[in-house]
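# Chains, contacts and geometry: an overview
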Amino acid sequence: AVTTVEGVGSTKTRVHPIQERLAKCHGSQCGFCTPGMVMSMYALLRNHPEPSMEQITAALDGNLCRCTGYRPIIDTYKSFTGEPACCQLRGTGQCCLDKEDVCSSSDKGNQMRSDLCSPEEFQPVDPTQEFIFPPELMRMAQEQQKRTLVFHGERTTWISPTNLRELLELKAMYPKAPLVVGNTSVGLDMKLEGVIHPVIIHPTRIPDLHVVSNTNNGLLIGAACCLAQLRDILIRAVSELPEEKTKIFRTLLQQLKTLAGEQIRSLASLGGHIVSRGSTWDLNPVLAIGNSVLSLASKDGTRQIPLNDHFLAGYENSDLKPEEVIVSVFIPYSGKDDFVSAFRQAERQKNALSVVNSGMRVLFKANTNIIMDLNILYGGIGSTTVSARKSCQRLKGRQWNEQMLDEACKLVLGEISLSPSAPGGKVEYRRTLLVSFLFKFYLEVLYGLKKMYPTKYPDLSKKNMSALGEFHSEAHQSMQIYQDVDPGQPPQDPVGRPIMHQSGIKHATGEAVYCNDIRSVDEELFLTVVTSSRAHAKIVSIDASEALKMPGVVDVITAKDIPGKNGSEEEQAYAEDEVICMGQIVCAVVAESNVQAKRGAEKVKIKYEDLEPILTIEDAIKHNSYFGEVKKVEQGNIEEGFKSVDEIIEGEIHIGGQEHFYLETNSVLVVPRGEDKEMDVHVSTQDAARVQELVASALDVQSSRIMCHSKRVGGAFGGKMTKPAFFAVVAAVAAHKTGRPVRFTLERDEDMLITGGRHPLFGKYKVGFTNEGRIIAADIECYINAGCTLDESELVIEYVVLKTDNAYKIPNLRVRGRACKTNLPSNTAFRGFGFPQVGLFTESWVAAVATQTGLPHEKIREINMYKGVNLTPFKEELDATNLMKCWKECMEKSEYHCRKIAVEEFNKQNYWKKKGIAIIPMKFTVGFNATQYHQAAALVHIYTDGSVLVTHGGIELGQGIHTKILQIASRELKVPLSYVHFCETSTVTVPNAIVTAGSIGSEVNGKAVQNACQILRKRLEPIINKNPEGKWEDWVTEAHGHSVSLSATGYFRGYVTNMNWDTGEGNAFPYFVFGVACSEVEIDCLTGGHKNIRTDIVMDACFSINPAVDIGQIEGAFIQGVGLYTMEEINFSPEGQQYTLGPDTYKIPAVCDIPEQFRVYLLPNSRNPMAIYSSKGIGEAGLFLGSSVFFAIRDAVAAVRKERGLTKTFTLNSPLTVEQIRMACADNFTEMPWLH
Ligand SMILES: Cc1cc2nc3c(=O)[nH]c(=O)nc-3n(C[C@H](O)[C@H](O)[C@H](O)COP(=O)(O)OP(=O)(O)OC[C@H]3O[C@@H](n4cnc5c(N)ncnc54)[C@H](O)[C@@H]3O)c2cc1C
Ligand code: FES
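In the annotation of an unreviewed UniProt entry, the entry for the protein chain reads FAD-binding PCMH-type domain-containing protein, and the organism field reads Pelusios castaneus. Looking at the Sequence similarities (unreviewed entry) heading of the UniProt record, one finds this comment for the protein chain: "Belongs to the xanthine dehydrogenase family." The Subunit (unreviewed entry) field of the UniProt record for the protein chain holds the comment "Homodimer."

What follows is the structure, encoded as structure tokens:
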């Protein structure tokens, strides 16, 4: 039986407590990941009704969320544990929810609160309400057990035998047919590599493959057992057997903790893992050093082979024969003198394939430290797991001491080679890990020897003790503090209260409809695109003849089919004569099904004539390849400034781009209405008006014929501002040509390939300062990689230049910026719009000043920060009073100074692990530098039953815009929230709406809605005044009876902003948002891994219309920032082919990456008269605060380098990956002559 999220609970029947709590605890924003979160938790609760926090986080390891930052999801699920709800932050038993303590931070003004939801309202969990496994299905399963199942598909036959004999016969008949158990390896090859298997054998119903038995010498485990079962078997064995026998088992368990996520572990089988033997599979090196044995069977009989390096390398004599299957795997017990360890380092702590892994085992002559046998295997180095066989052989007979270690490192680096051009890159890092792991093993063994023979061996030095073990981990704790509404505010007025997301319950029950959930339309066709495989080339020909012959293919669409304009001025929807990046859309195939469209697309042949591409910023600078002119802002006198300083430093930094990785990929459904050239376009976009405009111009019809609709978007982050219009044009042209509805939903890899992302930035600085650390002059140059078309790059470089100062007053500052034109996919808007890149750049040179002066970083930051009322470099007035308030509050709340001392003390005690702490200030600007981009409109109807329908131009991206809008309408009309409804954003109801972006969507649309509601309320006033004691419904009926219009439009003209680039001056932004974050991390100097320990954020959100929504935005953006600065790395081949096209190669933060302690405080008693109800837009600001983690890591690296006498100045580029961290912590291992 398959239970889906709809089956767990629904609004039509009963909402399950998991769904209810997730929604009420604000665990969903865009809601696209929410069903997955619900199902992971549901599966866990069905198996463990009162799970521990460890089990909960493990259950969520395999789920990704791009919006929430996971904190509210973890908090929700905490409520299902038997563990205390209180945070116990102080370890004193004192609770974070202690009102007295919370209140003390707001001596004036309203009370502070820390509760974003009311757990007392949660429905209790009632296991008797759960579905039972349908007995009918059990009966059917038992009956089916006796017969072979065969399913014939179009291209594949799937056979599921019932017994071993039958399986072996099938394997003899179809030796090439894979045995598919979990399908996590075969399935990926079929989906991503296009591998076709005419026959697939499914052996999971065969009891022999599920055997589990404890023998005298070890454990025998059936090959079809899944990895989750393997874990449970090993846990049991470890608890029952003496410790010395279970060393291999415990090592396997350690690897299983981080191997994939629980979903994969519950599917992937032991046999499948062993046979698919990917180079980075984590169990194989351990099984091999454990001398595991594979029991094989074929029609000709049975035999046993060792699972060793030769098997893993696929040597013919050591491998399975095509007609053989693995029945079971024997894992022997370890012995007393065995020492076993395993290591892995991945780009993310969990649910990421290892960069390098290893299994190591040494066996000593009894009661000595003389090596009798040594076995070392590494994964991630070649195409298979490799063994340091020869090195191990040479080391036999040697004593376990430092000389042996030196020799071992030399031998291993000599034996295990990795060419400089090895696939996957990171060559030096991977080679460093070989010896770093070896060193860890050496120490672990020494430690073990000492434990076994306390009098015979010396203690491990304190220095070396710090290399042992994993990061210490503790349960997640969090706190969210905000100011309560005025006690006089009527309870019915929802403004200022943490109201649940308007679609929260629907997200959690799976009822929320996204673009691709819209039911199929009659005669609907599916579209897929064929994209350029060249970075820069002339299109010589497009041959679609083969594609058109494919079953189901209806047509192939090219630029020639466009009746009107091909895209916009700057960007084509379909390439015409030339392609300018890999991934550019050349043509589209429409077919009766999605699969047929994809098969058709494979048959389109395009001939190119290559042209020289420009790929990097450096290339673009060399070739003078730019969009637009230099953007420049200057204040003071830069030359004079440099003359008056004590010291000048210069440097460069590279900051990588970022993939939006919204969970809902781009999606559009175009439905011709069949008359008057009308067309409905359902689209996942931030800008419906732009979609309408481009589709109309492509079809050469008036905009009034194109109706664009967007109910909700499954995450956008700027990535759906401009690009969806082109996808809509592609589909609309196909719909126009065929006269049929067309559905076009991008696969994840297509979306990542085509759409571009955040602009990489290259910055150069020259900074002059006094010995006291006062920065007097800074000359800054910034270059961004715009990619192949302009898109929003001009605006991004303008923002880079305008926002370079971040929180600092630099009296003499010159900033120049250029957008580089290259042959990469066109980069576009991304949360923060250039500021996250330039902010990190600025903080890097401020940090360099601190390093150079030797003064504390926080001191340099503080003395250079804006204070009170100032002018920005472009002469806009700036009152930075709240910046300093946030700074002080954050210093205090994070207990920065005493924790800094604790960090220093930790670092003194730990040579191989270091902690770092950093506090980073932020001045963020919201909105756009032109008034027209802030305008907004709304349409509000009151129906005669009193219900209210609100429409406005903003789009729900997960940021809670409609929730806030409903709160505003409720307050203005003075009706309960439940009376107000929002249906969809549409160009039909609100025309010419401005893109939902720039953090201001909710407030400007809120102003328009407020205006409409006030107009309506005014119209109703005479009637209300006549009958003040009446009910809303009565007034509405009365008004209708007196012919009072119950519908009104509302409008907001926009904040007055402007920027004059000729003078470099202007009132560029409506207002500023201030924030400060303090983060603490720990790094492992030998592997480059890091752990986020604690983050405290203080944000000046002024009066928050909805504290739950705003805090959710801050937390989610912060974690997205942590991803940007520490792990999300986009890689291209030298030819411009993007390598990172999916979650396997591109890592966004997962549950394991959030700080163990995560606290957000909204600065109290702060007001912003500019925005509605004195609020502030904070959708983007939090992202930059993720840089506090970058600088905390930098602080830890600096401590390493100081201790080792390395140069105090060093450059760290972003993202600060495991590779960069490891290589910056230079030591004996990175410097080994044999390494290079
Ligand atoms: C998202 C994801 C994350 C992952 N992360 C990790 C990770 O962090 N660490 C890690 O080590 N691995 C990881 N993996 C890989 C995973 O461990 C393997 O894909 C999995 O173990 C394969 O098992 P399966 O049952 O799904 O194999 P299948 O795909 O079903 O089969 C794989 C192969 O094994 C053969 N086979 C299966 N059973 C037998 C048998 N009894 N006899 C003979 N041949 C057999 C099949 O013929 C086929 O060729 C990840 C995979 C995915 C999809
Ligand atoms: S709410 Fe999780 S991805 Fe949007």
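Now that the structure has been shown, the text picks up again.
The next point concerns unusual backbone geometry. For the peptide bond that leads from Ser1214 to Pro1215, omega is 5 degrees, which places it in the cis range. Note on placement: Pro1215 falls in the loop between α38 (1187-1203) and α39 (1218-1224). Positive phi, close to 55 degrees, is recorded for Asn291, a residue that is not glycine. Its place among the elements puts Asn291 in the loop between α14 (283-289) and β7 (293-298). For Asn291, a relative accessible area of 45% puts it in the partly exposed group. Positioned with a positive phi, Lys677 is a non-glycine residue whose angle comes to about 60 degrees. By secondary structure assignment, the location of Lys677 is in the loop between β23 (667-672) and β24 (679-683). For Lys677, a relative accessible area of 61% corresponds to the exposed category.

It is worth spelling out the packing of helix α25 (residues 688-699) against helix α26 (residues 723-738) at this point. Taken N-terminus to C-terminus, the directions of α25 and α26 make an angle of 40 degrees; their axes are 9 Å apart at the nearest point. Of the two elements, α25 crosses α26, and the hand of that crossing is right-handed. On α26, the residues that touch Arg690, Val691, Leu694, Val695, Ala698 and Leu699 of α25 are Pro724, Ala725, Phe726, Ala728, Val729, Ala732, Val733 and His736. For the contact of α25 with α26, the class distribution of residues is twelve nonpolar, one polar and one charged.

On to helix α33 (residues 961-973), then. Taking 1.5 Å of rise per residue, 13 residues should cover 18 Å, and α33 covers 18 Å from first to last C-alpha, within 8% of that figure. Among the 13 residues that make up α33, twelve are buried, leaving the element largely enclosed by the rest of the structure. Looking only at α33, the buried set comprises Ile961, His962, Thr963, Lys964, Ile965, Leu966, Gln967, Ile968, Ala969, Ser970, Glu972 and Leu973. On its buried face, α33 sits against β34 (948-952), β35 (980-982), β36 (985-986), α34 (1001-1026), α35 (1032-1041) and α36 (1107-1126).

Glancing now at the sheet that holds strand β25 (residues 706-710). Judged by pairing direction, the sheet is mixed, and its eight strands sit side by side in the order β17-β19-β15-β26-β23-β24-β25-β36 without closing on themselves. The open sheet has two free edges, formed respectively by β17 (553-557) and β36, since each of these has just one partner strand. In the sheet, strand β15 (residues 525-531) pairs with strand β19 (residues 585-591) via six bridges, with the strands oriented antiparallel. The partner of Phe526 across the bridge, within β19, is Ala591. Packing against the sheet, helix α22 (residues 594-602) makes contact with β15, β17 and β19, and its axis sits at approximately 25 degrees to β15. Packing against the sheet, α25 makes contact with β24 and β25, and its axis sits at approximately 150 degrees to β25.

A separate point is the site of ligand 1. Of all residues adjacent to ligand 1, which total 29 residues, the nearest are Leu179, Val181, Thr184, Ser269 and Asp282. At a separation of 2.8 Å, an oxygen atom of ligand 1 approaches a polar backbone atom of Leu179. The contact in question runs from an oxygen atom of ligand 1 to an N or O atom on the backbone of Asp282, over 2.6 Å. Expressed as a share of its isolated accessible area of 980 Å², the protein-covered part of ligand 1 is 89%. The set of elements that each furnish at least two residues to the shell around ligand 1 consists of α9 (186-192), α13 (270-276) and β9 (325-332). The dominant element in the shell around ligand 1, judged by the number of residues it contributes, is α13, at five residues. Its residues placed into classes, the shell around ligand 1 shows 17 nonpolar, ten polar and two charged.

Among the surface-exposed residues, Phe133, Leu137, Met138 and Met140 lie close enough to one another that they form a single nonpolar patch of about 340 Å² accessible area. Mapped onto the elements of the fold, Met138 is located in helix α7 (residues 135-144).

Within this structure's numbering, the places UniProt gives as "binding site: substrate" (unreviewed entry) are Phe833. With respect to the helices and strands, the residue Phe833 is situated in the loop between β29 (812-821) and α29 (835-853). Setting aside its immediate chain neighbours within four residues, Phe833 contacts Met721, Arg758, Glu792, Leu795, Val796, Tyr799 and Glu1180.

Within the secondary structure layout, Ala297 lies in strand β7. Sequence spacing of Ala297 and His962 is 665 residues, and the spatial spacing of their C-alpha atoms is 62 Å.

As a further point, take the pairing of strand β16 (residues 537-543). Of the strand pairs in this sheet, β16 and strand β18 (residues 578-579) are connected by two bridges, and their pairing is antiparallel. Following the sheet pairing, Lys538 is matched in β18 by Glu578. Here six bridges tie β16 to strand β20 (residues 605-610), and the two strands are oriented antiparallel to one another. Its bridge partner lying in β20, Ser541 is registered against Lys607.

The next thing to look at is the nonpolar core. Among the nonpolar cores identified, the biggest contains 245 residues, and Tyr77, Tyr378, Trp400, Phe841, Trp845 and Met1099 are the most heavily contacted of them. Top element by residues in this core is helix α18 (residues 427-452). It accounts for 14 residues. Apart from residues no more than four positions distant in its own chain, Tyr378 is found in contact with Val356, Asn357, Ser358, Met360, Thr384, Thr385, Val386, Val412, Ile416, Leu434 and Leu438. By size, the runner-up hydrophobic cluster in this structure holds 46 residues, among which are Val529, Val590, Val701 and Ala731.

Calculation criteria
Residues numbered from 1 in each chain as written. Chains lettered and ligands numbered in written order. Predicted model: local features only at pLDDT ≥ 70, side-chain atom pairs only at ≥ 80, totals over all residues. Heavy atoms only, no water. UniProt positions renumbered as here; feature names shortened; annotations may be inferred. Helix = DSSP H or I, 4+ residues; strand = E, 2+ residues; numbered from the N terminus. Buried < 20%, exposed > 50% of the residue type's maximum accessible area, 1.4 Å probe, protein only. Axes fitted to C-alpha atoms, helices over the stretch in contact; angles between N-to-C directions. Left-handed = near helix turned anticlockwise from the far one by under 90°. Contact = heavy atoms within 4.5 Å. Nonpolar A, V, L, I, M, F, W, Y, C, P; charged D, E, K, R; others polar. Expected span 1.5 Å × (residues − 1). Pairing = 2+ DSSP bridges. Near = heavy atom within 4 Å. Polar contact = N/O pair within 3.5 Å; in protein donor to acceptor, adjacent residues only side chain to side chain. Areas by Shrake-Rupley, 256 points an atom, 1.4 Å probe, with all protein chains shown as cover. Patch = residues over 30% accessible without salt bridge, like charges linked within 9 Å, V, L, I, M, F, W, Y side chains within 5 Å. Salt bridge = Lys/Arg side-chain N within 4 Å of Asp/Glu carboxyl O. Core = buried A, V, L, I, M, F, W, Y, C linked by side-chain atoms within 4.5 Å.

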